[in-house]
Amino acid sequence: MRQRLWIVTEVFHPDETATAYIVTRIANKLSEKYNVNVICGPVSSSGNDDGSLIKDINIYRSNHFNYNKDGIYRRTLRFICISVILSFKLLWWSRRNDKVFITTNPAPLVLFIALIKCIRHFELCLLVHDIFPENVVPAGIIKSERSLYFRMQRRLFDWAYTKSDKIVTIGRDMKERVIQKINNSNSSSQVTVIPNWADSNMFISEMMPESTQLVIQYAGNLGRVQGLMDFLTLFHEAECHNVVFSIWGSGAIRKELENYCSNIHPDNIMLNGSFSRGQQKDILRQADICLIILAEGMYGLGVPSKSYNIMAAGKPVLYIGPKGSEIWRVVEDNGIGYCFEPHDKQAIINFIGHLSVSDREKLAKMGKKAQNLASKFYTEDIVLSQFMDFV
C-alpha cells in the first residue's frame, strides 16, 4: 500500500489562480507515488474542470467562508478562518506515518499545521511561494520591521518554518531568506530550490507584433508588492511616443491605476481588463518586451510565476527589482532582457526614452534565447520530476 500524502491548500482545481494551478499539477504528479488526499477551500473562480487532473486524488473541500475578500481586514479574517477549518480537518484525519504538503498561502495555515505536527508527528513539506511577515513590509501593510507586532509575527513564523522536515523554495534568493529564518534553531530542515515552470501551451512560434509602436506589456496581478504605480509614473515621464505600455490584470491597485490614467489622459498607456489563463498566450503575442517588477525590499520574498510563461512565449524581460534576486540572475546570466533596481529611476527613464520600433529585431533575438532557456530548464515535466524526487 502506498504512503498517504495530505495536501492542504486554500485553492485547488478548477480554480485558475497561479497557486491552484501549480498545486494541482504537483498533486497530480505525486499521485503516481503516493495516495494523495487534498484538503482545500471553496472554488473561488471557474475554470476548465478537466477531470483527468484529479482522477487519482481524493478531494475534501470546505465551502465555509466563501465570501468576498476585498479589503485587508476582511481578507485577514477569511485567511484565519479558512486556515483553522483546513487545519482541523488535517488534525482529525492525519496520522504519524503520513506525509503532509502545504504552501505558504494563506499564511496562518503555516502556523496551524506546525502546531498539528507537534501532535501528529507526520512528515511535513512546505512549498514557499512568499515569506510572511517579511513580505508585508514592502507592501506597506506593516510600516517597519522594528515594530513589536512585526517582531512577534516573525518569531512565530520562524518557529513554524523549523517544524518542516523539507522546505521547497522557488528561487535562490528565497532559499537564502529561508535559511536565515531557521538558522537560529537546531532545525534539521532540508531546503532546496525547485522553480515554477512554463505552461506547455506557451511554447509558441515567435510572431513579431504588427504595431507601429513598440509594446511594453505587463500582464498579471496588480498588487502592491509589484511597484507598478512607480513604473507607470516613470513611463509617463519618459515621454516616449514610440512606445506603448499595455497593462492587463486586476488587483488591489487597479483603481489607483485608473485614477492616474484618467488624470493624465495618456495616448500611449493601455489599461486593459483581467484575463483567463487560456487567454495568456494571445495576450503575450502582442508584446515586444514584458515587464516583471518587484518593489524595493522584496529580495527573496517572491518569484513572479509569470516569468516562465514569458520566456516560453519567446519574449524578452524588462525586470525591475532587487539586484541578485532570482529573476535578475536568470535574465542577466542568460542575456534575455534588461535589469534595473527600483531606485534607479533615471536609468529606467533613459531606457524607455531610447526604445523604438527599430529595436524590435534585437528584442526578438533575446526572446528566442529566453524560449530556448525555458525549454531546457523550466518545463512542467522537468520541474515536477524534481518534486517527485524531493517530496
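Here, every reference points to the structure presented above.
Rules and cut-offs
Residues numbered from 1 in each chain as written. Predicted model: local features only at pLDDT ≥ 70, side-chain atom pairs only at ≥ 80, totals over all residues. Heavy atoms only, no water. Helix = DSSP H or I, 4+ residues; strand = E, 2+ residues; numbered from the N terminus. Rg over C-alpha atoms; globule rule 2.2 N^0.38 Å. Buried < 20%, exposed > 50% of the residue type's maximum accessible area, 1.4 Å probe, protein only. Contact = heavy atoms within 4.5 Å. Areas by Shrake-Rupley, 256 points an atom, 1.4 Å probe, with all protein chains shown as cover. Phe/Tyr/Trp six-rings, centres within 6.5 Å; stacked < 30°, edge-to-face > 60°. Lys NZ or Arg CZ within 6 Å of the ring centre and 35° of its normal. Pairing = 2+ DSSP bridges. Axes fitted to C-alpha atoms, helices over the stretch in contact; angles between N-to-C directions. Parallel < 35°, antiparallel > 145°, perpendicular 65-115°, else oblique. Nonpolar A, V, L, I, M, F, W, Y, C, P; charged D, E, K, R; others polar. Salt bridge = Lys/Arg side-chain N within 4 Å of Asp/Glu carboxyl O.

## Brief notes about the overall build of the protein
Helix and strand counts for the protein stand at 13 helices and 13 strands. In terms of overall dimensions, the protein is globule-like: its C-alpha atoms have a radius of gyration of 21 Å, near the 21 Å expected for 391 residues. When the backbone C-alpha atoms are referred to their principal axes, the protein occupies close to 65 × 45 × 40 Å. When the 391 residues of the protein are sorted by exposure, 54% land in the buried category. Within the protein, contacts between residues at least 6 apart in sequence are counted, and of these 75% link residues at least 24 apart. Surface exposure of the protein reaches about 17600 Å², of which carbon and sulfur atoms provide 50%.

## A look at the environment of Ile-102
Position of Ile-102 among the secondary structure elements: in strand β4 (residues 99-103). We classify Ile-102 as buried; its relative accessible area is 1%. Sequence-wise, Ile-102 and Val-128 are 26 residues apart; in three dimensions their C-alpha atoms are separated by 8.7 Å. Discounting chain neighbours no more than four positions away, the residues touching Ile-102 are Val-8, Leu-109, Val-110, Ile-113, Leu-124, Cys-125, Leu-126 and Leu-127.

## Looking at the packing of aromatic side chains
In total, this model carries 15 aromatic pairs according to the counting rule given. An angle of 50° between the planes, with centres 4.8 Å apart, marks the rings of Tyr-308 and Tyr-378 as tilted. Highlighted residues: Tyr-308 in helix α9 (residues 306-312) and Tyr-378 in the loop between α12 (360-377) and α13 (380-390), separated in sequence by 70 residues. Here Tyr-308 falls in the buried class, since its relative accessible area comes to 0%. By the ring-pair criterion, three or more aromatic residues cluster together here, those being Trp-6, Tyr-60 and Trp-93. The residue whose ring lies beneath Lys-166 is Phe-390, and the NZ or CZ to ring-centre distance is 5.4 Å.

## Observations regarding the sheet that holds strand β7 (residues 190-193)
Strands sit in the order β3-β2-β1-β4-β5-β6-β7 across an open sheet of seven strands; the sheet is parallel. Each edge of the open sheet carries a strand with a single partner, namely β3 (57-61) and β7. Pairs of neighbouring strands in the sheet enclose a mean axial angle of 20°, with direction left out of account. Of the strand pairs in this sheet, strand β1 (residues 4-9) and β4 are connected by four bridges, and their pairing is parallel. Within β4, the position partnered with Val-8 by the bridge is Ile-102. Sheet contacts for helix α1 (residues 18-30): β1, β2 (35-40), β3, β4 and β5 (123-128); angle to β1, the most-contacted strand, approximately 175°.

## Some details on helix α10 (residues 326-334)
Of all the residues in α10, the buried ones are Glu-326, Ile-327, Trp-328, Val-330 and Val-331. On the buried face of α10, the contacting elements are α5 (172-182), β11 (289-293), α9, β12 (317-320), β13 (337-340) and α12. Of the residues flanking the end of α10, it is Gly-335, one or two places downstream, whose phi is positive at about 60°.

## Details of the environment of Ile-57
Structurally, Ile-57 is set in strand β3. Through-space distance from the C-alpha of Ile-57 to that of Val-36 is 5.3 Å; in sequence the pair is 21 residues apart.

## Notes on the packing of helix α4 (residues 148-162) against α5
Running from N to C, α4 and α5 cross one another at 100°; their axes reach a closest spacing of 8 Å. Between α4 and α5, the crossing angle belongs to the class labelled roughly perpendicular. The segment α4 lies against α5, with Arg-154, Phe-157, Asp-158, Tyr-161 and Thr-162 engaging Val-178, Lys-181 and Ile-182. Grouping the amino acids of the contact of α4 with α5 by side-chain chemistry returns four nonpolar, one polar and three charged.

## What about the pattern of salt bridges?
Applying the stated criterion across every chain, the model contains 17 salt bridges. Across the pair Glu-134 and Lys-181 runs a salt bridge whose closest N-O atoms are separated by 3.1 Å. Of the two residues, Glu-134 sits in the loop between β5 and α4 while Lys-181 sits in helix α5, which places them 47 residues apart along the sequence. The exposure class assigned to Glu-134 is buried, which follows from its relative accessible area of 7%. For Asp-282, the salt bridge is made with Arg-285, and the minimal N-O distance between the two is 3.8 Å. With Asp-282 and Arg-285 both in helix α8 (residues 280-285) and three residues apart, this pair spans about one turn of that helix. You can call Asp-282 partly exposed: its relative accessible area is 45%. The exposure class assigned to Arg-285 is partly exposed, which follows from its relative accessible area of 26%. Three or more residues are tied together by salt bridges with common partners; here these are Lys-99, Glu-123 and Lys-166.

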